[in-house]
Amino acid sequence: MATKRVKPLLYNPASTGRVIRKSVQSSCCGSNGSSSGPTFNRLTVVWVNQNGVPFNTTGFFARLFRNGQLVSTASFDSFGVVRFNNIGTLTNVSYNIRTFNANGVQFRSRNIPAGVQTYAIIG
């Protein structure tokens, strides 16, 4: 039975954030001679509940900050995913991501560490 996707709650004290993929760049090549790189070429954030089911984030958007300065704004799709097209991966610096609903009400604020390509907001 499929789990129904719901909108995220405004306040969830048990919510956390996790790094989904953190790559280590190696100096050697793969067995076929090609070098391996990041799977995602742009910073991607997924917003899921405690069970890993993506929230229905239609109308939500996220803002990415660095040292209190706005770096980028992007809209979530309906499957809990937001992609920052101007932020390449692996990230060189840490960021603060803030998520908002369509009315501009802030739902979450998380710190994304340097060296990641995908990040999950859990809860």
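Structure: above.
Predicted model, so just to flag it, every value in this text is computed and none were measured. (Residues numbered from 1 in each chain as written. Predicted model: local features only at pLDDT ≥ 70, side-chain atom pairs only at ≥ 80, totals over all residues. Heavy atoms only, no water.)

Draft legend 1. The side chain of Thr91, seen in detail. Relative to the elements of secondary structure, Thr91 occurs in the loop between strand 5 (81-88) and strand 6 (95-100). Exposure remark for Thr91: the relative accessible area of 4% places this residue in the buried category. A polar contact of 3.5 Å, which involves the side chain of Thr91, links it to the backbone oxygen of Pro113. (Helix = DSSP H or I, 4+ residues; strand = E, 2+ residues; numbered from the N terminus. Buried < 20%, exposed > 50% of the residue type's maximum accessible area, 1.4 Å probe, protein only. Polar contact = N/O pair within 3.5 Å; in protein donor to acceptor, adjacent residues only side chain to side chain.)

Draft legend 2. Representation of the nonpolar core in the model. Core analysis: the biggest nonpolar cluster contains 19 residues, and Val45, Leu64, Phe84, Ile97 and Ile112 have the highest contact counts within it. Of all the secondary structure elements, the ones that give two or more residues to this core are strand 2 (42-48), strand 3 (61-66), strand 5, strand 6, strand 7 (106-112) and strand 8 (118-122). Contact partners of Ile112, with chain neighbours within four places excluded, come to Leu43, Val45, Leu64, Ser94, Tyr95, Ile97 and Tyr119. (Core = buried A, V, L, I, M, F, W, Y, C linked by side-chain atoms within 4.5 Å. Contact = heavy atoms within 4.5 Å.)

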